[in-house]
Amino acid sequence: MQNEWPIFLLIATAAVVFVTPRVRAEDAKPTEPLVLRLPAATLKGTPEDLPTGTNVEPLSDSPRPAFPVPKGVKNVAAGKKVTSSVNPFAGELSQITDGKKEAFDDDAVEMKKGTHWVQVDLGETVAVYAIALWHDHRYIQVMHDVVLMMSDDPEFKSRVTTVFNNDTDNSSGLGVGTDREYFEMRFGKIFDGKGVKARYVRGYTRGSSLSALNCWQEIEVYALLAK
Ligand SMILES: [Ca+2]
Ligand SMILES: [Ca+2]
């Protein structure tokens, strides 16, 4: 009997193991608004020749509607490694997860024309609830062929979840998108991660309404540990 645990210790241990509530990603409910640190407002003048049509969200300078996320989500992309389909000719890839997204040329990462992607390695598989993107809000413009994907495969050859795709004519060859184009704003654009588990987030673009070039400012990924 000496080597056996007293019964009260067994009960106490069992209580700790089985009764202590653990926040699991599966149980997480979106209960609070996502709080983003927004860049400053800038005066951009009166835009001319704005893209219009049924496939473009109307231009608005109001904040985007509150987006609910589970308590405890964090931006797990901050400071994480970024790769891309082509090296930038202005700025560094590390600036896409450096937290800076002011409407300054110094905060813009620019790549040549064509369909190109940038990809964040979150370092481990997490449950993603929201992704916030700022491509380039230095100017009033819409980016073309915005396609946002998540996967646990760094090559994006399998187990891919497409979060957003507004390439309605499939000019980027990633599949026909049904989402609308939208204007780049300092408020960023929030995409629903729906709690999908992923380690890599990849974003494609194919120029904008102003330029054939591709430009990125910041990717934020709000997630819980997937344990
Ligand atoms: Ca940045
Ligand atoms: Ca297109």
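Note: the structure precedes this text.
For clarity, every value in this text was computed on a predicted model and none was experimentally measured. (Residues numbered from 1 in each chain as written. Chains lettered and ligands numbered in written order. Predicted model: local features only at pLDDT ≥ 70, side-chain atom pairs only at ≥ 80, totals over all residues. Heavy atoms only, no water.)

Engineer: I tried to follow the overall build of the chain on my own but got confused; where do I start?
Structural biologist: Looking only at helices and strands, the chain features one helix and eleven strands. Order of helices (α) and strands (β) in the chain, N terminus to C terminus: α-β-β-β-β-β-β-β-β-β-β-β. In the chain, which comprises 227 residues, the proportion classed as buried is 43%. The long-range share in the chain, meaning contacts at least 24 apart out of those at least 6 apart in sequence, stands at 80%. Total accessible area computed for the chain in this model is approximately 12500 Å², and 55% of it derives from carbon and sulfur atoms. (Helix = DSSP H or I, 4+ residues; strand = E, 2+ residues; numbered from the N terminus. Buried < 20%, exposed > 50% of the residue type's maximum accessible area, 1.4 Å probe, protein only. Contact = heavy atoms within 4.5 Å. Areas by Shrake-Rupley, 256 points an atom, 1.4 Å probe, with all protein chains shown as cover.)

Engineer: I would appreciate a short explanation of the coordination of the calcium ion (ligand 2) in the present structure.
Structural biologist: Each angle at a metal carrying four tetrahedral donors should ideally be 109.5 degrees, and each at a metal carrying six octahedral donors should ideally be 90 or 180 degrees. Around the calcium ion (ligand 2), the protein contributes the donor atoms Asp 145 (OD), Asp 145 (OD), Asp 167 (OD), Asp 169 (OD) and Ser 171 (OG), at 2.2 to 3.1 Å from the metal centre. Here the donor residues of the calcium ion (ligand 2) share one chain and are spaced in sequence as D-x21-D-x1-D-x1-S. Here Ser 171 falls in the partly exposed class, since its relative accessible area comes to 34%. (Donors = N, O, S within 2.8 Å, 3.2 Å for Na, K, Ca; no water.)

Engineer: Mind showing me how you'd approach the nonpolar core here?
Structural biologist: Note on soluble globular proteins: their nonpolar side chains tend to be buried together. Formed by 29 residues in total, the largest nonpolar core has its most connected members in Ile 96, Leu 122, Ile 131, Leu 148, Phe 191, Ile 219 and Val 221. Elements represented by at least two residues in this core include exactly β5 (109–111), β6 (116–134), β7 (147–151), β8 (160–165), β9 (189–205) and β11 (218–225). Per-element tally for this core: the top contributor is β6, with seven residues. Residues contacting Leu 148, with those up to four places away along its chain left out, are Ile 131, Leu 133, Thr 161, Thr 162, Val 163, Phe 164, Phe 191, Val 201, Arg 202 and Gly 203. In terms of nonpolar packing, the next biggest core, distinct from the first, is built from 14 residues, Ala 28, Phe 67, Ala 127 and Tyr 129 among them. (Core = buried A, V, L, I, M, F, W, Y, C linked by side-chain atoms within 4.5 Å.)

Engineer: Any chance you could explain the environment of Asp 105 here in plain terms?
Structural biologist: By secondary structure assignment, the location of Asp 105 is in the loop between β4 (81–84) and β5. Here the alpha-carbon distance between Asp 105 and Asp 136, two residues 31 residues apart in the chain, equals 9.6 Å. Leave out the neighbours within four places in its chain, and Asp 105 touches Arg 138 and Tyr 139.

Engineer: How should the layout of surface pockets be read in this particular structure?
Structural biologist: Volume-wise, the largest pocket comes out at about 280 Å³. Taken together, 13 residues form the lining of the largest pocket, with Thr 42, Lys 44, Asp 61, Met 185 and Arg 186 sitting closest to its centre. Residue classes in the lining of the largest pocket are distributed as seven nonpolar, two polar and four charged. In terms of lining residues, the second largest pocket is bounded by 14 residues, among which Val 163, Phe 164, Phe 191, Asp 192 and Lys 194 are the most central. Of all the secondary-structure elements, those providing two or more residues to the lining of the second largest pocket are β8 and β9. Element by element, the count of residues in the lining of the second largest pocket is highest for β9, at seven residues. Residues that form the lining of the second largest pocket fall into these classes: seven nonpolar, three polar and four charged. (1 Å grid on protein atoms, 1.4 Å probe; cavity = no way out; pocket = protein on both sides within 12 Å on 5 of 7 lines; lining within 4 Å. Points joined across faces, edges and corners; volume = space filled by probe spheres on them. Nonpolar A, V, L, I, M, F, W, Y, C, P; charged D, E, K, R; others polar.)

Engineer: Hey, could you run me through the packing of aromatic side chains in this one?
Structural biologist: For the coordinates displayed, the defined rule picks out three aromatic pairs. Ring centres of Phe 164 and Tyr 182 lie 6.0 Å apart, and the angle between their planes is 80°; this geometry places the pair in the edge-to-face category. With a gap of 18 residues between them, Phe 164 in strand β8 and Tyr 182 in the loop between β8 and β9 connect regions that are remote in the sequence. Pair check on accessibility: Phe 164 and Tyr 182 agree, each one buried. (Phe/Tyr/Trp six-rings, centres within 6.5 Å; stacked < 30°, edge-to-face > 60°.)

Engineer: Looking at this structure, how should I read the environment of Pro 58?
Structural biologist: Looking at where Pro 58 falls in the secondary structure, it is placed in the loop between β1 (32–33) and β2 (68–69). Accessibility expressed as a relative area gives 64% for Pro 58, which makes it exposed. Between the alpha carbons of Pro 58 and Tyr 182 there is a distance of 7.6 Å; along the sequence they are 124 residues apart. When sequence neighbours within four positions are dropped, the list of residues in contact with Pro 58 reads Arg 180 and Phe 183.

Engineer: Looking at this structure, I do not really get the pattern of salt bridges. What am I missing?
Structural biologist: When the charged atoms of two side chains lie near each other, side chains of opposite charge can form a pair. Applying the stated criterion across every chain, the model contains eight salt bridges. In this structure, the salt-bridge partner of Arg 64 is Glu 57, at a minimum N-O distance of 3.9 Å. On the basis of relative accessibility, which here comes to 24%, the residue Arg 64 falls in the partly exposed class. Between Arg 138 and Glu 110 there is a salt bridge whose closest N-O contact spans 3.6 Å. With Arg 138 in the loop between β6 and β7 and Glu 110 in strand β5, this pair connects stretches of sequence that are 28 residues apart. (Salt bridge = Lys/Arg side-chain N within 4 Å of Asp/Glu carboxyl O.)

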